[in-house]
Amino acid sequence: MFLTVILLALSFLAIIFAIGMLYSREIVHAVIYIAGLFIILGLIYFMLDNTFLGAVQILIYGGAVTVLLMFGVMLTKREIMDKKESITTEYEYVVLIALTISIYIGTLFTVSSYPLSIYYMSMYTLSTVLFNSFIGAFVVMGVIIMSSIIGAIYMVKEVE
Amino acid sequence: MTAYLVYTPEILIMISALLALLFDVLDSKKLAGGIAIILNLVALVIILGWSGITGSILSLPQSGGHGLFYFSLFGYMFQIIFIIVTVSVELTTLDFSEYNGIFYALIEFALTGMMIVAISGDMVILILGLELAGISTYILTGYIRKSELSVEAAMKYYIIGSISSSLTIFGLSILYGVTGTTSLWLLNLHAGYSYIPKNNPLLYLGFSFIIAGLGFKIAMAPFHMWAPDVYQGAPSPVSAFLAAGSKTMGFMAMFIIFLSAIFYFAPNLSLLFGFFAILTMTTGNILAIKQRNIKRMLAYSSIANAGYILIAFSVDTPLAVAGGMFQIFSHAIMKVGAFIVVAVVSVFGVGESITDYKGLAKEHSLLALSFAIMLLSLAGVPPLMGFMSKFVLFSGAVQAGGWYILLAIAGVLNSALSLYYYARIVKYMYIDNPEPGKHKNKKISMPIYSYISIFVLVVIIVAVGIYPSPIIGYFIHIASQYMVWR
């Protein structure tokens with residue numbers, strides 16, 4: 001009972017944050033709202049006993065994606081940021097996209113042959129998979145990051 | 001330890017990238033490029049041995065699937081193309097002063113990514129290979145940072161590349177969701193099992209995303225708009241690398257995904273690929289006619305070639321796939337050569353407009369001859385390599401019969417159309433007189449390394465064109481071996 005109330009409260013809060021993001025007049029505020037939304041979704045996953053998904057949601061979405069959005073705002077021209085308008089103006093498209101995604105997710109759940117076997121994914125299994133069968137991918141990932149760092153350093157170096 | 005021997009070529013190329021960085025610090029750019037070329041050639045010799053073309057110096061790795069990777073003659077063939085392209089580009093850049101160690105490091109990283117794509121047997125490693133090659137080539141495109149055009153091209157390429165990657169990843173995620181495995185070779189192996197749904201609408205959704213994503217990579221119409229801008233803005237050696245290497249990598253990824261068991265799950269894709277093939281080759285050729293910039297013209301011709309190669313995906317018989325591979329090989333060799341010639345003539349003060357090539361044969365007869373051979377081969381004039389590859393590809397379509405013959409007819413008509421804009425440049429070079437004031441014969445050191453790479457490429461084009469039977473036989477052997485699961 002108590003948990004249900006918290007879950008409902010969190011869901012309500014998530015909707016409030018989502019609406020706040022749509023109606024905020026400053027991009028930075030919208031980013032803060034969306035960060036809050038991501039964290040609340042993470043908490044909901046925790047409450048539903050999927051700690052792994054919750055941790056991923058908070059770390060990747062609440063952390064990395066928000067920082068990425070902040071960078072985007074930081075690198076955008078001031079004039080665009082100073083416009084005091086609601087960011088979203090074309091609501092019909094928003095509704096269309098939301099409907100499409102809902103239908104897509106709905107189809108995923110209804111297709112019976114879908115092998116979405118929900119098994120318990122722990123950090124232990126993750127590390128075992130990552131450092132055994134996927135070690136090659138892990139190494140290549142490191143090379144990708146190295147090449148992008150080298151490229152980024154080259155691109156921002158002063159032109160002599 | 002011996003298990004890691006199968007990755008020797010990739011490891012050698014990685015080492016050459018790191019050494020190039022080291023020599024960049026020591027400020028010896030020639031050494032960085034030289035060592036990269038030598039290590040690439042060592043890798044090439046090893047792969048030639050494994051692919052059964054020459055005797056092998058390292059023992060042959062067991063072919064087939066190993067975890068994330070799938071080793072086949074098919075993949076080795078593509079690795080050979082990647083290395084030839086990279087070495088030619090690197091040889092050319094040795095003549096130019098603006099390319100330093102970082103350039104070689106990045107191009108080697110891109111080559112590593114392409115090599116990984118060629119042997120990938122898993123969606124995860126396929127995407128990582130595509131990304132490694134992608135990120136390195138975005139930076140290479142903007143390598144000349146003083147040039148606004150170059151940086152603009154890099155930005156465009158980066159945005160288009162990101163969209164393409166995200167579409168591909170989304171499509172593959174749907175494929176994973178439906179089949180429950182990321183391993184593409186396991187998917188092949190288990191094609192007949194009941195746990196993999198046939199004709200599932202979600203599969204088609206996933207394939208549309210993958211086709212769109214990789215369609216951007218191979219510049220397939222209607223996803224081709226970025227290619228002319230990027231090839232024009234990028235430094236010419238990088239354009240060569242993009243047109244010959246990056247595009248070949250996109251085709252390799254498509255071969256891995258679509259020539260595996262996919263047609264078994266979703267048989268209706270053949271018609272779609274046929275439609276895209278005709279659309280792409282016609283768009284490329286028609287738009288190429290009105291181009292006044294040589295690099296834009298070559299870019300559109302590259303789009304048209306993507307259309308020819310897509311015939312192989314539609315027809316999907318061993319002969320057509322062999323023809324498609326042969327066309328990929330010949331397109332890579334001809335296109336890298338053509339862009340290298342464009343890079344070299346710029347040293348002699350020849351601009352990028354096609355009218356700048358008027359009377360080129362009178363002053364640089366060797367360059368003009370090589371360029372003419374490459375352009376005529378691209379047009380498909382016998383007895384050059386481009387004719388042979390198109391011949392095998394179109395006869396594959398004809399042999400399959402049915403509506404596939406339409407594809408062959410469209411290909412032949414398009415080749416005739418393309419002859420116009422290729423032959424126009426040959427006419428400019430050989431018949432027209434140079435415009436006054438052009439071709440100031442600057443006193444500069446001879447671009448000797450570029451001449452070497454152009455010479456080797458021309459020899460390949462002519463030799464394969466005159467005596468194609470061994471290489472055609474080899475391609476048919478590879479294709480039938482790769483498609484053995486059916």
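Residues numbered from 1 in each chain as written. Chains lettered and ligands numbered in written order. Predicted model: local features only at pLDDT ≥ 70, side-chain atom pairs only at ≥ 80, totals over all residues. Heavy atoms only, no water.

**Student:** So what about the overall build of chain B? Which residues, and what values?
**Tutor:** Per the secondary structure count, chain B includes 20 helices and 2 strands. For chain B, the C-alpha radius of gyration of 21 Å lies close to 23 Å, the compact-globule estimate for 486 residues. Overall, the C-alpha framework of chain B stretches about 70 × 55 × 45 Å when taken along its three principal axes. Within chain B, residue pairs in contact and separated by at least 24 positions form 81% of the contacts whose partners lie at least 6 positions apart. When the accessible surface of chain B is totalled, it reaches about 16500 Å², and 71% of it is carbon and sulfur. A distance of 9 Å separates the average location of the 23 positive side-chain charges in chain B from that of its 18 negative side-chain charges. (Helix = DSSP H or I, 4+ residues; strand = E, 2+ residues; numbered from the N terminus. Rg over C-alpha atoms; globule rule 2.2 N^0.38 Å. Contact = heavy atoms within 4.5 Å. Areas by Shrake-Rupley, 256 points an atom, 1.4 Å probe, with all protein chains shown as cover. Lys, Arg positive; Asp, Glu negative; His and termini not counted. Charge placed at Lys NZ, Arg CZ, Asp CG, Glu CD.)

**Student:** An account of the packing of helix α1 (residues 8-25) of chain B against helix α2 (residues 29-50) of chain B is requested, with residue identities and associated values reported.
**Tutor:** In a packed pair of helices, the relevant descriptors are the angle between the two axes and the axis-to-axis distance. Residue and element names in this part refer to chain B. For the pair α1 and α2, the least separation of the axes is 9 Å and the interaxial angle reads 180°. For the element pair α1 / α2, the angle class is roughly antiparallel. Each of Thr8, Pro9, Leu12, Ile13, Ile15, Ser16, Leu19, Ala20 and Phe23 in α1 lies in contact with α2, whose residues at this interface are Leu31, Ala32, Ile35, Ala36, Leu39, Asn40, Val42, Ala43, Ile46, Ile47 and Trp50. For the contact of α1 with α2, the per-class residue count stands at 17 nonpolar, 3 polar and no charged. (Axes fitted to C-alpha atoms, helices over the stretch in contact; angles between N-to-C directions. Parallel < 35°, antiparallel > 145°, perpendicular 65-115°, else oblique. Nonpolar A, V, L, I, M, F, W, Y, C, P; charged D, E, K, R; others polar.)

**Student:** Lay out the domain arrangement of chain A with the relevant residues and their values.
**Tutor:** Here chain A is partitioned into domain 1 (1-82) and domain 2 (122-160). Just the C-alpha atoms count here: the centres of domain 1 of chain A and domain 2 of chain A sit 27 Å apart. (Domains from an automatic or database assignment.)

**Student:** Please provide a residue-by-residue account of the packing of helix α10 (residues 236-258) of chain B against helix α14 (residues 318-347) of chain B, values included.
**Tutor:** Residues and elements named next belong to chain B. Between α10 and α14, whose axes approach to 7 Å, the crossing angle comes to 165°. Taken together, the axes of α10 and α14 lie roughly antiparallel to each other. Seen from above, α10 lies across α14 with right-handed handedness. Each of Ser236, Pro237, Ser239, Ala240, Ala243, Ala244, Lys247, Thr248, Phe251 and Phe255 in α10 lies in contact with α14, whose residues at this interface are Val321, Met325, Ile328, His331, Ala332, Lys335, Val336, Phe339, Val342 and Ala343. Broken down by class, the residue content of the contact of α10 with α14 amounts to 14 nonpolar, 4 polar and 2 charged. (Left-handed = near helix turned anticlockwise from the far one by under 90°.)

**Student:** I'd like a rundown of the side chain of Asn293 of chain B, residues and numbers included.
**Tutor:** Residue and element names in this part refer to chain B. By the element assignment, Asn293 lies in the loop between α12 (269-289) and α13 (294-315). Among the polar contacts listed, one links the side chain of Asn293 to the backbone nitrogen of Lys295, at a separation of 2.8 Å. Asn293 has contacts with Gln232, Glu352, Ser353 and Ile354, leaving out every residue within four places of it along the chain. (Polar contact = N/O pair within 3.5 Å; in protein donor to acceptor, adjacent residues only side chain to side chain.)

**Student:** Talk me through helix α3 (residues 73-93) of chain B; I want residue IDs and the actual numbers.
**Tutor:** Helical periodicity: at 3.6 residues per turn, an α-helix aligns residues three or four positions apart in one direction. Taking 1.5 Å per residue as the helical rise, α3 of chain B with its 21 residues ought to reach 30 Å, and the 30 Å between its terminal C-alpha atoms agrees with that figure. With 21 of 21 residues buried, α3 of chain B is to be regarded as a mostly interior element. (Expected span 1.5 Å × (residues − 1). Buried < 20%, exposed > 50% of the residue type's maximum accessible area, 1.4 Å probe, protein only.)

**Student:** Describe in detail the packing of aromatic side chains, supporting the description with residues and values.
**Tutor:** Scanning the entire structure with this criterion turns up 38 aromatic pairs over all chains. Three or more aromatic residues joined by ring pairs make a cluster, and in this case those are Phe74, Phe78, Phe82, Phe207, Phe251, Phe255, Phe258, Phe273 and Phe313 of chain B. (Phe/Tyr/Trp six-rings, centres within 6.5 Å; stacked < 30°, edge-to-face > 60°.)

**Student:** Go over the interface of chain B and chain A with me, naming the residues and quoting the values.
**Tutor:** Taken residue by residue, the interface counts 32 residues in chain B and 26 residues in chain A. Between chain B and chain A, roughly 2500 Å² of surface is buried when both sides are summed, and carbon and sulfur atoms account for 79% of that area. If you sort the residues of chain B by the area they bury against chain A, Leu128, Arg145 and Leu202 of chain B come out on top, with a joint share of 26%. For the pair chain B and chain A, the number of links is 0 salt bridges. If you look at where chain B meets chain A, you find 4 residue pairs in polar contact (both at pLDDT 80 or more). For the side of chain B that touches chain A, the secondary-structure elements that each account for two or more residues are α1, α4 (101-119), α5 (123-141), α6 (148-179) and α8 (201-218) of chain B. Examining the composition of the side of chain B that touches chain A, we find that 8 residues originate from one element, α5 of chain B, more than from any other. When the residues that make up the side of chain B that touches chain A are grouped by side-chain class, the tally is 21 nonpolar, 7 polar and 4 charged. (Buried area = accessible area lost by both parts, 1.4 Å probe. Salt bridge = Lys/Arg side-chain N within 4 Å of Asp/Glu carboxyl O.)

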